[in-house]
Amino acid sequence: MSTDIADDRSVAPSQVPAALRELFGDRARFVDLYGDPRGAALYDDIGFSNTAEIYEILSALRKRPGPVLELAAGSGRITIPLLRAHHTVTAVDLAADMLAILADRIAALGSSAGSCDLRCADMVDIDCAPGTFDSVVIATTSASLLTPEQRAEMFTGIARALTDDGILLISTVDSDDGHNEADDLDISTVTGSSGTTYRMHELWPAHADARHLAVVEIDPATGEPRDDTEVHLSRVGVVPVATLTDELRSTGFEVRRERAIRDTAGTRHRYVLLEAALR
Ligand SMILES: C[S@@+](CC[C@H](N)C(=O)[O-])C[C@H]1O[C@@H](n2cnc3c(N)ncnc32)[C@H](O)[C@@H]1O
């Protein structure tokens, strides 16, 4: 794999929590997890086989044959099952490298699958005719990548994009207040579909409203990351169900159903899928 990282994908040291800078040392380079082909391949290697949410999303859409808008679709962990279930999907993601992986997957699907339109765009600015979609899906807690202001703008766009009786399916981590009392660093080892081993670090600093995911590749020769490793980072806000419900309400939605996401093996959090509709 190429290790050529565009400079604009680097994460400024001031944006990296001190605990992670200390852990990896001066020689490590911090880069955005989704920001280049290598990060996209790494995310896909680790994430694509994760089945969480797929059952809940397909169940919620079982009686809804209309077009689906999937935001933050990534490399298609949810998109591909939607297409296999014959849904017509518009899949949006900001990262062209993630969509390139998804495009290859779609090309390999049989002709009986649903059709898919790929759009490299910001989910904050939804650009479509009013009432185009019967459902909108934002999985993998991806709305937590946005600020509250960006989410409000996105929800307004979703409200416009949905049919009158359309639904929004959105997942989040269930947490009481979105904060924790002490620094929490969880380190685990995962093997991707390619056989490559990675170390995952999930740091949730005390009283912070966001977690930081840091992923490094393990050097098979030493069983450790290299000193000059690239650390792939993602900052994920913590948006409790109550907060998300309030945000949705203030943009014209009502949460009608909350589904516990059951297949979250290996994760420490409780994930939920909210189903919201326009009031
Ligand atoms: C946690 S991944 C989820 C990908 C996919 N849904 C999955 O389950 O594997 C988050 C995705 O959100 C995308 N993303 C981040 N900010 C975005 C934005 N403002 N607009 C669209 N996509 C965005 C990233 O590029 C990445 O593919």
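These numbers come from a predicted model, not from an experiment.

Caption draft 1: Layout of the domain arrangement of the protein. Taken domain by domain, the protein comprises domain 1 (10-37 + 180-237) and domain 2 (54-175 + 240-278). Using only C-alpha atoms to locate each centre, domain 1 and domain 2 end up separated by 26 Å. Contacts between the two partners involve 13 residues from domain 1 and, on the opposite side, 11 residues from domain 2. Between domain 1 and domain 2, roughly 890 Å² of surface is buried when both sides are summed, and carbon and sulfur atoms account for 51% of that area. Run the count over domain 1 and domain 2 and you get 2 residue pairs in polar contact (both at pLDDT 80 or more). Secondary-structure elements contributing two or more residues to the side of domain 1 that touches domain 2 are strand S7 (184-191), strand S8 (197-204) and strand S10 (230-237). In terms of residues, the side of domain 1 that touches domain 2 owes the most to one element, S10, which gives 4 residues. Across the side of domain 1 that touches domain 2, the residue classes break down as 4 nonpolar, 3 polar and 6 charged.

Caption draft 2: Here's a closer look at the site of the ligand. Around the ligand sit 17 residues, and of these Ala72, Arg77, Asp93, Met123 and Thr140 come closest. Between the ligand and aspartate 93, the relevant distance is 2.6 Å, taken from an oxygen atom to a side-chain nitrogen or oxygen of the residue. Bound to the protein, the ligand loses 93% of the 600 Å² it would expose on its own. Among the residues forming the shell around the ligand, the class breakdown is 11 nonpolar, 3 polar and 3 charged.

Caption draft 3: Broad picture of the packing of aromatic side chains. For the coordinates displayed, the defined rule picks out 2 aromatic pairs. Centroid distance phenylalanine 24 to phenylalanine 30: 6.0 Å. Interplanar angle 75°. Geometry classified as edge-to-face. Take phenylalanine 24 and phenylalanine 30: they sit in the same class, and that class is buried. Plain terms: the ring middles of tyrosine 34 and tyrosine 43 are 5.4 Å apart, the flat faces sit at 65° to each other, and that makes the pair edge-to-face. What makes tyrosine 43 partly exposed here is its relative accessible area of 22%. If you follow arginine 262 out to its NZ or CZ, it ends over the ring of tyrosine 55, 3.8 Å from the centre.

Here is what the cut-offs are and how they apply
- Residues numbered from 1 in each chain as written.
- Predicted model: local features only at pLDDT ≥ 70, side-chain atom pairs only at ≥ 80, totals over all residues.
- Heavy atoms only, no water.
- Domains from an automatic or database assignment.
- Contact = heavy atoms within 4.5 Å.
- Buried area = accessible area lost by both parts, 1.4 Å probe.
- Polar contact = N/O pair within 3.5 Å; in protein donor to acceptor, adjacent residues only side chain to side chain.
- Helix = DSSP H or I, 4+ residues; strand = E, 2+ residues; numbered from the N terminus.
- Nonpolar A, V, L, I, M, F, W, Y, C, P; charged D, E, K, R; others polar.
- Near = heavy atom within 4 Å.
- Areas by Shrake-Rupley, 256 points an atom, 1.4 Å probe, with all protein chains shown as cover.
- Phe/Tyr/Trp six-rings, centres within 6.5 Å; stacked < 30°, edge-to-face > 60°.
- Buried < 20%, exposed > 50% of the residue type's maximum accessible area, 1.4 Å probe, protein only.
- Lys NZ or Arg CZ within 6 Å of the ring centre and 35° of its normal.

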